[in-house]
Structure formats: structure tokens, C-alpha cells
Amino acid sequence: MGPLQHIRVLDLTRVLAGPWCTQTLADLGADVIKIERPCQGDDTRHWGPPFAPDADGRPGTEAAYFLAVNRNKRSVTLDIASPEGQKIVRDLVAQCDVLVENFKVGDMQRYGLDYGALRTVNPGLVYCSITGFGQTGPYAPRAGYDYIVQGLGGFMSVTGESRDVPGSSPQKAGVAIADLFTGAQATIAILAALMDRERTGEGQHLDISLLDSQVAMMANMATNYLATGEPPVRWGNAHPNIVPYQVFQVADGWIIIACGNDRQFRKLAEAAGAPGLARDPRFETNPDRVHHREALVALLDAQLRQRTKAQWISLLETAGVPCGPINDLAEVFQDPQVLARDMLVQLPHPTAGHVRVPGSPLKLSRTPVSYRSAPPLLGQHTHEVLQGMVALSDDELHDLQARRII
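**A word on the state of the cysteines**
Formally, a disulfide is one covalent bond, and it connects the sulfur atom of one cysteine to the sulfur atom of another. Taken as a whole and judged by the stated rule, the model has zero disulfides. Not part of a disulfide, C128 finds its nearest cysteine sulfur in C21, a span of 5.6 Å.

**What about the packing of aromatic side chains?**
Tallying each qualifying case throughout the model produces four aromatic pairs. On the numbers, 6.3 Å between centres and 90° between planes, the contact of F103 with Y111 is edge-to-face. On the basis of relative accessible area, F103 is assigned to the buried category, the value being 15%. For Y111, a relative accessible area of 18% translates into the label buried. Sitting above the plane of the F103 ring, R14 keeps its charged end 4.3 Å from the centroid. A cation sits over an aromatic face here: R307 above W312, 5.0 Å from the ring centre.

**Regarding helix α14 (residues 309-319)**
Note that an α-helix has 3.6 residues per turn; residues three or four places apart therefore point the same way. All of the buried residues along α14 are W312, I313 and L316. Summarising the axial view, the buried residues of α14 lie within an arc of 95°, below the 170-degree limit, and thus occupy one face. Opposite the buried face of α14, by more than 90 degrees, sit the exposed residues A310 and T318. Buried positions along α14 lie against β9 (245-250), β10 (253-258), α10 (262-271), α13 (293-304) and β11 (323-325).

Analysis parameters
- Residues numbered from 1 in each chain as written.
- Predicted model: local features only at pLDDT ≥ 70, side-chain atom pairs only at ≥ 80, totals over all residues.
- Heavy atoms only, no water.
- Disulfide = S-S within 2.5 Å.
- Phe/Tyr/Trp six-rings, centres within 6.5 Å; stacked < 30°, edge-to-face > 60°.
- Buried < 20%, exposed > 50% of the residue type's maximum accessible area, 1.4 Å probe, protein only.
- Lys NZ or Arg CZ within 6 Å of the ring centre and 35° of its normal.
- Helix = DSSP H or I, 4+ residues; strand = E, 2+ residues; numbered from the N terminus.
- Arc of directions from axis to C-beta.
- Contact = heavy atoms within 4.5 Å.

In C-alpha cells, the structure reads:
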């Protein structure tokens with residue numbers, strides 16, 4: 001059942017960053033109870049098309065977006081804005097190890113469900129707040145959106161074609177990387193806090209934000225600026241510090257070549273039938289190649305257009321030159337390495353028959369991740385959880401349901 005099978009998580013998150021975090025905890029074995037708004041549920045349940053087809057292949061109602069980040073969870077519908085809903089949350093918290101929420105700063109306090117209030121119910125609670133800008137600072141009250149944070153945090157300033165290319169502009173990533181990276185950071189923080197609780201018995205409040213995560217993930221680009229005082233610029237598919245390390249056009253498409261050192265460059269020159277390039281004083285070392293980037297790329301471009309993608313990848317892999325294709329997702333999920341690593345998972349689903357989702361990248365030898373259930377239907381486990389954990393009777397549940405509290 002995984003290394004976290006003894007952990008129970010109350011998941012008050014929606015959309016992406018929070019659900020990405022709690023899905024990871026669920027994959028590792030945690031019992032994740034996802035709290036959703038009655039009748040509506042997580043916003044992403046409606047973010048389509050595409051929707052997964054039903055078991056007969058007809059158009060379904062389960063959004064592909066929701067399916068991406070909610071497997072292995074139990075869904076409970078609950079109106080946490082109501083006093084009755086808030087009491088149920090407190091009753092659940094008493095039996096949980098972790099609470100994850102991504103409401104705007106101040107919302108949980110208004111509901112009486114902030115960390116200060118809930119730690120009196122459960123002193124060992126690890127309470128993780130995920131917001132756009134954190135609990136402090138001048139931007140704390142703002143709503144956080146991945147796209148905005150990619151721009152604000154510097155990512156888009158170094159992504160996209162060079163300013164020298166006509167019509168170029170800053171670009172966002174093709175997936176919501178600020179959200180996803182923040183979800184991963186939240187997971188790390190939760191696991192660290194659980195380890196600390198093992199030692200001290202005390203929980204704590206975790207303050208994780210999209211902007212903090214985005215700034216941190218700028219990594220060497222950030223230190224390039226901090227070391228020189230000069231903000232890095234967009235390089236398109238090239239690398240500011242390494243040459244050649246970019247996309248090249250070949251006879252039938254595109255490939256990536258990534259020479260990380262001088263030895264690999266010499267092997268590339270030999271494989272390309274131009275060993276003299278490695279002896280040219282302009283290209284002998286990486287600093288030389290960075291300085292004479294345009295001249296070298298033009299020479300390599302002429303050589304590389306003479307063979308196909310498959311020919312170059314075979315030739316360069318044999319020579320020990322890092323390279324690869326640019327696959328679309330159809331090609332990704334047909335790739336033998338992707339399939340061998342169990343990165344395509346099929347799960348039984350109550351209305352769709354089955355759904356296919358990407359697998360977990362976490363490979364643990366003794367306590368592997370598990371795929372126990374597909375992303376749940378809205379409110380699928382409401383009665384199960386509230387009867388089992390809060391001891392509500394059938395009559396009480398019917399009354400709450402009639403008043404749309406569950």
C-alpha cells in the first residue's frame with residue numbers, strides 16, 4: 001500500500017497545484033479525502049472538452065483535466081462555508097495527519113478552519129497552505145494564477161525565441177509549470193514536516209507559494225544574473241552557457257543535440273563528418289564555442305540537414321553524443337522506454353469503463369507507489385466517509401443532503 005499507508009490527508013484543494021501534491025501523497029499510499037463543493041465540485045471537473053468517453057464510447061462528463069491529478073482519492077461533497085460543514089471538517093481533522101488547502105489568504109480564518117484554530121483540535125496536524133504569493137508580503141491578498149506567476153517570476157523572460165528573431169515574444173511553458181512545481185514543493189515540505197512530527201509529536205504550518213517556487217526554479221538563470229548583474233535573455237532552443245546545446249533541423253524533422261563538454265563536441269564533429277571543427281581554434285573549448293556561436297551553428301546546420309532524424313539519432317547515440325527527437329504526446333506514449341517504465345496506467349472507472357493516465361515517476365524498490373482507484377466521481381464517497389469517520393446516521397446524512405450541505 002505504500003510508505004504513507006498510515007497517513008490520512010484532508011484535501012481542501014482544487015485545480016492543479018494542490019491536487020498535484022495530494023495525488024502524489026495518495027500514490028505513496030496515503031488515504032486522501034478530497035472535499036468538494038456540493039453540486040459543483042473541483043473547478044477542473046468542468047474544464048473541457050476533452051472529456052473521457054463513457055463505457056460505450058459516447059461523450060462523457062469526466063474532464064481529462066480533472067483525471068490528470070485526482071486518482072487514488074475519495075471524494076466528499078461538503079459546504080465548508082456553513083457551520084455544519086465547518087464542524088464536520090473539524091471532526092475529520094481530529095482523525096487526519098495532514099490538511100492541504102489552497103484558498104486565498106484569510107479565507108480559512110473566516111471559516112474558523114485556519115491552522116491556529118485546527119491545531120487546538122489536533123496538535124500533530126501538518127497544515128499546508130498553497131497560495132499564489134504566500135501568507136505574508138504586499139501581494140499576499142492577490143489570487144495566484146500560473147500564467148501570471150510564470151511572467152512575474154522571470155520564467156517568461158528567458159523563454160521564447162531570441163529578441164533578434166522578427167515577431168518573437170516571451171512565451172509561457174506548454175504546461176502549468178509554476179503550479180506543478182509548487183505542488184511538488186508542497187509534497188516535499190509535507191514529508192519533511194511528517195518526519196519532524198515523528199521526532200517531536202508536533203505539527204506545523206507550511207506556507208508554500210507559486211511565486212516562491214517559480215523564483216527558486218530559475219536556478220542557474222537566477223545565479224547568472226546574481227553573479228553578473230545582467231538579466232539573462234531569451235535564447236529560444238539554444239543554451240546561454242553551452243554550445244552546441246539546441247534544436248537542429250535535419251532532412252525530415254528536428255532533433256536535439258546537447259553537448260555538455262568538449263569531448264562530446266569532438267565526437268559530434270567526427271560523427272558529422274567534420275572532425276576539423278573540433279580543431280578549429282574558434283571551437284576547441286566551450287567558452288570558445290559560446291563566443292563564436294553563430295559561426296559554429298551555421299556550419300553544423302549545413303551538415304545536419306544531410307541525414308534523417310532516425311539516421312542522426314542512431315549515429316550520434318552510437319558515438320556517445322547526447323541527442324533525442326522532439327516527440328508529440330502520441331509518440332511519447334508509444335515510446336518503448338516510457339512503456340517499460342510503467343508511465344502509462346489504465347484504471348477502472350465507474351462511468352468511463354476505464355481511463356488512461358500518466359504513471360507516477362516515483363520508483364521505490366520496497367514500498368512502490370500503487371494505483372488503487374481512478375479519479376472519483378463527485379461525492380462518490382460522501383456517505384462512506386461521513387458514516388465511517390464522523391458517525392453520521394442515514395437520517396442525518398439525508399438532512400444535510402436536503403439542505404445542500406453535503
